[in-house]
2 protein chains.
Amino acid sequence: MDLYFSPLACSMATRIVLNEAGADATFIEVDPHTKTLLEDGSDYRRINPLGLVPALRTDHGEVLTENIAVLHHVASRVGNDLIPSDPAELTRLHQWLSFISSELHTRLFSGLFDPNAPEAVRSRGLEKSAVRLARLDEHLADRDYLVGDDFTIADAYLITVLNWIQATPIDLTPWPAVRAYLERGRERPSVKGAIAVELPLYREERARSA
Amino acid sequence: MDLYFSPLACSMATRIVLNEAGADATFIEVDPHTKTLLEDGSDYRRINPLGLVPALRTDHGEVLTENIAVLHHVASRVGNDLIPSDPAELTRLHQWLSFISSELHTRLFSGLFDPNAPEAVRSRGLEKSAVRLARLDEHLADRDYLVGDDFTIADAYLITVLNWIQATPIDLTPWPAVRAYLERGRERPSVKGAIAVELPLYREERARSA
C-alpha cells in the first residue's frame, strides 16, 4: 500500500491505524501548498484531482481517496479490530466518522486552514464550532472512546482532527470532556508515534513555505 | 422508524431508499428555518442539537444522525441490496458517500444555502465546485451508477444533492455526464415518487418563510 500524506493532515489517522496494528505502508509525502510529491516534484493532482490527502494506492493498484474510505480499507487489511462487527456499533461508527468528516473537518477546520479563504469564511467556521464541540463534549462525558468500549478508526480520525485545535483560536476550556479525550489520545502510543514522525516533517514543510 | 426530514433536503435520500424497497417509515417534518417540528411546534434541537436533518429514531428508540449513518441503517433494515456486499465495492461506496457528504454537500452546497453566510462563503463554495464536478463527470462518463452495476445508497444521496443545483447559479453544461446522470435519476420511479411528495411540501415551506 502506498499512502499519500501530508504531515499532521488528516492522513495521520491512517498512520495511527497502521501503528495500532504494528503494520506498515509506503508513505509518499505531498506538499500541501504546491500539491506536488516531495520525492520528485510531480503533480499530486494526477493522483487525486482534488489535491487532498490522503490517497491510497492499494496492493491491487486502485487509487482510493476520501479519508473514511482509506481508513476502512487499511483497517480491514491490517486486521479489522478497529472496525466494530456488531451492526448497531457499526452504524454508530458511520455516524461519528461522518460527523468528524463533515461537521468538524470540512465545515469547521477546512475554512480555518484555507489560506485563500476570506476572513468571513474563517469567522463563519468559528461561529459553527460551539454547537459541534458541545455535542461532542456531551457524548464523550462518560466515554473513553467514540463508539463502544474500544478504540476504533473513528478515534484515530477524531484525535487527528482535534490535534489541529492548537493552531486555531479555539479554546477547549468550555468542553472539558473533549480536552481530556484529546489529552488521553495524544498519550496513546500509536498516536504519540505518529506525531513523533510527522511533527518534524510538518516543521520542514512550514520552513519550505515560509 | 421515525424519520425527521425537511422537504427536498438531504433526508430525501432516505425516502428514495424506502421507495426502492417498497418500505415505509413515519415521516416527521422539520421546518429548517425555525428548527421546529411542524406537527407541534416543538424544538427539533432536542432531537438533534445541530438542528440538521435527517435524524432517525430506530425501532429500538435510538436516535441516529448524519445522513450516511441513516442511509446505512435504513438500507440494512429494508433489505440491503442497496449496499454492495463485495468488500472492494463497499470501499468504493464509502469513498463516494464521503465525497458527496464532505465535498459536495458540506463544502459546496451548505455555504450556498446558508441564509446567514456572508457572500464570501457563497463565492468560495462556487470556486471550489468546478474541480469537484469535473471529478464526478469523469467518473460518470462511462457508468450508469456511482458504484458497480447497480443503484446504491450513494446514488440516492447524489441525486438528492444534485437536484439542488437548479436553485444555484451552477450551470451543468460543462459536465454532460453529471447532467445526464441527474436527468436519468429524476426519472427513476423511487426518485420521482419522492419528489412528487416533497416538492409540494417544499413550496409550502417557502410560503411559510416568505
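Above this text you will find the structure in question.
Residues numbered from 1 in each chain as written. Chains lettered and ligands numbered in written order. Predicted model: local features only at pLDDT ≥ 70, side-chain atom pairs only at ≥ 80, totals over all residues. Heavy atoms only, no water.

Q: What should I look at first to understand unusual backbone geometry in this one?
A: Along the chain, Val53 of chain A connects to Pro54 of chain A via a cis peptide bond; the corresponding omega equals -5°. Following the sequence through the fold, Pro54 of chain A ends up in the loop between strand S3 (36-37) and strand S4 (55-57). Even without a glycine there, the phi angle at Lys35 of chain B is positive, about 55°. Tracing the backbone shows Lys35 of chain B in the loop between strand S2 (26-31) and strand S3 (36-37). The class of Lys35 of chain B is buried, set by a relative accessible area of 16%. (Helix = DSSP H or I, 4+ residues; strand = E, 2+ residues; numbered from the N terminus. Buried < 20%, exposed > 50% of the residue type's maximum accessible area, 1.4 Å probe, protein only.)

Q: Explain the sheet that holds S4 of chain A here, please?
A: Strand pairing in a sheet relies on backbone hydrogen bonds. The paired strands run either parallel or antiparallel. All names here are of chain A. In spatial order, the strands read S3-S2-S1-S4-S5; together these five strands make up an open sheet with mixed pairing. Unpaired on one side and paired on the other, S3 and strand S5 (63-65) mark the two borders of the sheet. In the sheet, S4 pairs with S5 via three bridges, with the strands oriented antiparallel. Note on S5: the bridge partner recorded for Ala55 is Thr65. (Pairing = 2+ DSSP bridges.)

Q: When you look at the packing of aromatic side chains in this model, what are you seeing that I'm missing?
A: The description of an aromatic ring pair rests on the distance of the ring centres and on the angle between the ring planes. Residues and elements named next belong to chain A. Summed over all chains, the structure comprises 14 aromatic pairs over all chains. Judged by centre distance (5.8 Å) and plane angle (40°), the rings of Tyr4 and Tyr44 are tilted. Pair noted here: Tyr4 is in strand S1 (residues 2-5) and Tyr44 is in the loop between S3 and S4, with a separation of 40 residues, a long-range link. Like Tyr4, the residue Tyr44 is buried in the burial classification. Look at Phe113 and Trp164: their rings are 6.0 Å apart centre to centre, the planes differ by 80°, and that puts the pair in the edge-to-face class. With Phe113 in helix H3 (residues 87-113) and Trp164 in the loop between helix H5 (153-162) and helix H6 (176-187), this pair connects stretches of sequence that are 51 residues apart. Exposure remark for Phe113: the relative accessible area of 38% places this residue in the partly exposed category. For Trp164, a relative accessible area of 11% gives the class buried. Connected via pairs of aromatic rings, a cluster forms that spans Phe109, Phe113 and Trp164. (Phe/Tyr/Trp six-rings, centres within 6.5 Å; stacked < 30°, edge-to-face > 60°.)

Q: Explain the packing of helix H1 (residues 12-21) of chain B against helix H7 (residues 189-209) of chain B here, please?
A: The relative placement of two packed helices is expressed as an angle between their axes plus a distance between the axes. All names here are of chain B. Remark: H1 packs on H7, axes separated minimally by 8 Å, with the N-to-C direction vectors making an angle of 130°. Of the possible angle classes, the one that applies to H1 and H7 is oblique. Crossing angle aside, the handedness with which H1 passes H7 is right-handed. Of the residues in H7, those in contact with Met12, Arg15, Ile16, Asn19 and Glu20 of H1 are Ser190, Val191, Gly193, Ala194, Ile195, Val197 and Glu198. Of the residues in the contact of H1 with H7, the class split is six nonpolar, three polar and three charged. (Axes fitted to C-alpha atoms, helices over the stretch in contact; angles between N-to-C directions. Parallel < 35°, antiparallel > 145°, perpendicular 65-115°, else oblique. Left-handed = near helix turned anticlockwise from the far one by under 90°. Contact = heavy atoms within 4.5 Å. Nonpolar A, V, L, I, M, F, W, Y, C, P; charged D, E, K, R; others polar.)

Q: What am I meant to see in the sheet that holds strand S1 (residues 2-5) of chain B here?
A: All names here are of chain B. Pairing within the open sheet is mixed, and its five strands lie in the order S3-S2-S1-S4-S5. In the strand order of this sheet, the two ends are held by S3 and strand S5 (63-65), each with one partner. Of the pairings in the sheet, the one linking S2 to S3 comprises two bridges and is antiparallel in character. Its bridge partner lying in S3, Asp31 is registered against Thr36. Taken strand by strand, helix H2 (residues 67-77) contacts S1, strand S4 (55-57) and S5, and its axis lies near 125° from that of S5.

Q: Would you explain the interface of chain B and chain A in this entry?
A: Tallying the contact residues gives 35 residues for chain B and 35 residues for chain A. Between chain B and chain A, roughly 3,100 Å² of surface is buried when both sides are summed, and carbon and sulfur atoms account for 57% of that area. Of all residues in chain B, the largest losses of buried area upon contact with chain A belong to Leu50, Glu66 and Arg124 of chain B, amounting jointly to 17% of the total for that side. Along the contact surface separating chain B from chain A lie two salt bridges. In this structure, Glu62 of chain A and Arg92 of chain B form a salt bridge, with 2.6 Å as the shortest nitrogen-oxygen distance. At the junction of chain B and chain A, the tally comes to eight residue pairs in polar contact (both at pLDDT 80 or more). At the level of elements, S5, H2, helix H3 (87-113) and helix H4 (119-140) of chain B are the ones that each hand at least two residues to the side of chain B that touches chain A. With 12 residues, H3 of chain B is the largest single contributor of residues to the side of chain B that touches chain A. (Buried area = accessible area lost by both parts, 1.4 Å probe. Salt bridge = Lys/Arg side-chain N within 4 Å of Asp/Glu carboxyl O. Polar contact = N/O pair within 3.5 Å; in protein donor to acceptor, adjacent residues only side chain to side chain.)

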